[in-house]
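Each chain, letter by letter, is given below.
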Amino acid sequence: MPAKACKEYRLEGRLIGHKNAINCLTISNNGSLLASGGKFLYMRQSHTKTYLEIGSDGMRIWDLKRRLQLPSPRQNMGLQNPVDPVTCACWITRQEAVRETLCYGTGLGFIGIWQQQGEGIEDFDAKVSRRIGTGKEIMCITYDHAGDDTRIATGTRDRRVQVWSFDFKGPLILVFSIELNSTIPRTINFNRTASRNLLVFGMYDGEVHALRGTDGVIIATNNAGPLIGHASVDNAQTLFLIDNVTNGFSLHRLDDAVCIRSYNTNPIKTFPKQVVFGEKTDVVVGGSDAGVIYVFDKNEGTLKQVLKHADKARVQTVTTYDGAHHSMIVGATSQNDAEPVISIWSRQRENLETARPPLGKALKNFVRGIVQLAIAIALLAYVSHVCVTMNTSISFESLGNIWRNLARPRDPTNEDIRTWVEQYIENREETIVISNENKLPTGRGKTTSNMEMEHGESQAVILLGI
């Protein structure tokens, strides 16, 4: 990615292939794959007639780098029902896993899990295909992975919340299933702590329930407003966004659901629209009923940019992704009588790690500088002592050569320092021999000064830690 940052999002491309409205989007953890879900049933019009066609248009996976659709695995015939749309999806991320896993739900209550197989990113296998609960629409789906245990949670239109355990090999194992009194789950989110509690956002009553992770018992309830078209929780799990279905989007505290900021979009109609955090929770990204995607500054509440997805079609489906050097926004057409298109927008960011070294690296450089300075002082003290004893002058040329070596960009090794000290001592010995040539008897072996030099050399080596 280019190092130069770009303040605005730019259109990178469009994906075409769906035949009907697109209900959900999700990007894999490494940013390489996009999953999009829509309806199986679509219509094709000619000049004189309207044809009803049935095709596998529900769940699609795209290679974002090549902008290509990947082959879909064979599925259970129950999931091929022509009137069954894909309503929600998420990628299951495991740190130790090298293959991606996709989980999704449908309008007729089917849950499907696709898992990558083999070496290529194109090879997916349908691992799970089953109908859950009473077969009502799966409104939302999420996951939590801790240690060796992966859990999948679903919320259905019949007010049921179910949590499943999945080991990526066998079938889903039910942990608990509860039925809420009046809340239809619009969004669910795991509290990513040891308790693994669940947050459930109600669509028609605006209630936010906290469910105990072991049995689903409600342990707290707050109210965020009359309606929730969609909700998203930030990574720190202190704030959440909702589509309030009235004037746009709003930001709330998670502990008490109090609204702290609004983002007005003046919607024409009260269609539910997805709203998500972007750029490490610095911006708010939401859809519209006017063919555009809104990007707000989260803290200031100001509109930063309007991305034109289409002329008039509704854009109720959006998602975001943050890479090391760039941020991405993806939006999709959510209207049956408009061309179903996925638009991809990106913005280059400064690489903060390059622009500002981490504290650990800065501390390491500081310590290295102190060590090099101590080496230089020790050499100067040693040379001064020798020269005073021998009544000779200091050769700063040799010291300068040593210091230039110490100041090299690369890190000096113990062997480098040993070589530089020996070179300097050798130069000093030659100078001492010349200056005292007439004072020493020939053939008498080593003088006291020579012995001091050897002893000093040993001390210098010990000081340098060699």
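Only a predicted model underlies this, so the values are computations on that prediction, with no experimental measurement involved. (Residues numbered from 1 in each chain as written. Predicted model: local features only at pLDDT ≥ 70, side-chain atom pairs only at ≥ 80, totals over all residues. Heavy atoms only, no water.)

Chemist: Help me understand the overall build of the chain in this model?
Modeler: On a plain count of helices and strands, the chain comes out with 5 helices and 30 strands. Within the chain, contacts between residues separated by at least 24 positions form 49% of all contacts whose residues are at least 6 apart in sequence. (Helix = DSSP H or I, 4+ residues; strand = E, 2+ residues; numbered from the N terminus. Contact = heavy atoms within 4.5 Å.)

Chemist: Help me out: how do you make sense of the environment of Met328 in this one?
Modeler: Take Met328: it is sitting in strand β29 (residues 326–332). A sequence separation of 49 residues divides Met328 from Glu279, and the C-alpha atoms of the two residues are 8.4 Å apart. Not counting the four nearest positions on each side in its chain, Met328 is found in contact with Tyr9, Ile27, Leu64, Thr319, Thr320, Tyr321, Ile344, Trp345 and Ser346.

Chemist: Looking at this structure, I do not really get the sheet that holds strand β3 (residues 33–38). What am I missing?
Modeler: To summarise the sheet geometry, strands pair through backbone hydrogen bonds and adopt either a parallel or an antiparallel arrangement. Spatial strand order, β2-β3-β6-β7: 4 strands in an open sheet with antiparallel pairing. Of all the strands in the sheet, the pair left with one neighbour each is β2 (22–27) and β7 (68–70). Pairwise comparison of adjacent strand axes, ignoring direction, gives a mean angle of 30 degrees for this sheet. Across 3 bridges, strand β6 (residues 59–63) lies against β7 in antiparallel orientation. Following the sheet pairing, Trp62 is matched in β7 by Gln69. (Pairing = 2+ DSSP bridges. Axes fitted to C-alpha atoms, helices over the stretch in contact; angles between N-to-C directions.)

Chemist: Help me out: how do you make sense of the pattern of salt bridges in this one?
Modeler: Should their charged atoms come close, side chains of opposite charge can pair. In the structure shown here, the tally under the stated rule is 14 salt bridges. A salt bridge links Asp144 to Arg192, with the shortest nitrogen-to-oxygen separation between them at 3.2 Å. With Asp144 in strand β12 (residues 138–146) and Arg192 in the loop between β16 (185–190) and β17 (198–202), the pair connects residues that are 48 residues apart, well separated along the chain. On the basis of relative accessibility, which here comes to 5%, the residue Asp144 falls in the buried class. Residues Asp311 and Lys308 are paired through a salt bridge, measuring 3.5 Å at the closest nitrogen-oxygen approach. We note that Asp311, like Lys308, is exposed. (Salt bridge = Lys/Arg side-chain N within 4 Å of Asp/Glu carboxyl O. Buried < 20%, exposed > 50% of the residue type's maximum accessible area, 1.4 Å probe, protein only.)

Chemist: Help me understand the side chain of Thr320 in this model?
Modeler: Inspection of the secondary structure assignment puts Thr320 in strand β28 (residues 317–322). Residue classification places Thr320 among the buried residues on the basis of a relative accessible area of 18%. Once residues within four sequence positions are removed from consideration, Thr320 is found in contact with Ile27, Val276, Phe277, Gly278, Val285, Met328 and Ile329.

Chemist: Help me out: how do you make sense of a nonpolar patch on the surface in this one?
Modeler: On the surface, Phe366, Val367, Ile370 and Val371 cluster together into a nonpolar patch covering about 360 Å² of accessible area. Relative to the helices and strands, Ile370 is located in helix α2 (residues 359–390). A residue is classified by how much of its surface remains accessible, and Ile370, at 44% relative accessible area, is partly exposed. (Patch = residues over 30% accessible without salt bridge, like charges linked within 9 Å, V, L, I, M, F, W, Y side chains within 5 Å. Areas by Shrake-Rupley, 256 points an atom, 1.4 Å probe, with all protein chains shown as cover.)

Chemist: Help me out: how do you make sense of the nonpolar core in this one?
Modeler: Nonpolar side chains tend to gather and get buried jointly when the protein is soluble and globular. With 16 residues, the main nonpolar core has Cys103, Ile111, Ile113, Ile141, Ile152, Phe166 and Leu172 as its most contacted residues. When residues of this core are traced back to their parent elements, those giving at least two are β8 (86–92), β10 (110–116), β12 and β14 (160–166). Excluding its chain neighbours within four sequence positions, the residues that come into contact with Ile111 are Cys103, Tyr104, Val128, Ser129, Arg130, Ile132, Ile138, Ile141, Ile152, Thr154 and Leu172. Residues Val161, Phe190, Val200 and Met203 belong to the second largest nonpolar core, which totals 15 residues. (Core = buried A, V, L, I, M, F, W, Y, C linked by side-chain atoms within 4.5 Å.)

Chemist: Help me out: how do you make sense of the side chain of Gln274 in this one?
Modeler: Note that Gln274 resides in the loop between β23 (259–264) and β24 (275–278). Under the relative-accessibility criterion, Gln274 is labelled buried at 12%.

Chemist: When you look at the packing of aromatic side chains in this model, what are you seeing that I'm missing?
Modeler: Pairs of aromatic rings are described using the distance from one ring centre to the other and the angle between the two planes. A complete count under the given rule lists 6 aromatic pairs for this structure. Plain terms: the ring middles of Tyr104 and Trp114 are 5.6 Å apart, the flat faces sit at 80 degrees to each other, and that makes the pair edge-to-face. Taken together, the residues Tyr104 in strand β9 (residues 101–106) and Trp114 in strand β10 connect sequence positions 10 residues apart. Summarising the burial analysis for this pair, Tyr104 and Trp114 share the class buried. Pairwise contacts between aromatic rings join Tyr263, Tyr294 and Phe296 into one cluster. Here Arg192 stacks its cationic end above the ring of Tyr143, 5.3 Å away from the centre of that ring. A cation sits over an aromatic face here: Arg314 above Phe271, 4.0 Å from the ring centre. (Phe/Tyr/Trp six-rings, centres within 6.5 Å; stacked < 30°, edge-to-face > 60°. Lys NZ or Arg CZ within 6 Å of the ring centre and 35° of its normal.)

Chemist: Quick question: what am I supposed to make of the environment of Asn299 here?
Modeler: Secondary-structure assignment places Asn299 in the loop between β26 (292–297) and β27 (303–308). On the accessibility criterion, Asn299 (49% relative accessible area) is partly exposed. Linking Asn299 and Thr281, residues 18 residues apart in sequence, is a C-alpha distance of 9.7 Å.

Chemist: Any chance you could explain the environment of Gly225 here in plain terms?
Modeler: Assignment of secondary structure puts Gly225 in the loop between β19 (218–223) and β20 (231–233). For Gly225, a relative accessible area of 16% gives the class buried. In this structure the C-alpha to C-alpha distance between Gly225 and Gly206, which are 19 residues apart in sequence, comes to 4.9 Å. Leaving out residues up to four positions away in the same chain, Gly225 has contacts with Asp205 and Gly206.

Chemist: What is the right way to read unusual backbone geometry from this model?
Modeler: Leave glycine aside and you will find that most residues have negative phi; peptide bonds, for their part, are mostly trans. Of note in this structure, Asn266 is not a glycine but carries a positive phi near 50 degrees. Of note, Asn266 is situated in the loop between β23 and β24.

Chemist: Looking at this structure, I do not really get the pairing of β10. What am I missing?
Modeler: Moving residue by residue along a regular strand, the side chains alternate between the two faces of the sheet. Buried residues dominate β10, accounting for 7 of its 7 residues. Burial of β10 is two-sided: the residues Phe110, Gly112, Trp114 and Gln116 facing one way and the residues Ile111, Ile113 and Gln115 facing the other way are all buried. Inspection of the sheet shows β9 paired to β10 by 5 bridges, in the antiparallel sense. Directly across from Gly105, in β10, lies its bridge partner Ile111. The loop that links β9 with its antiparallel partner β10 comprises 3 residues; one of these, Gly109, has a positive phi angle of about 80 degrees. Relative to strand β11 (residues 124–131), β10 runs antiparallel, the two sharing 7 bridges. Looking at β11, one finds that Gln116 is bridged to Phe124.

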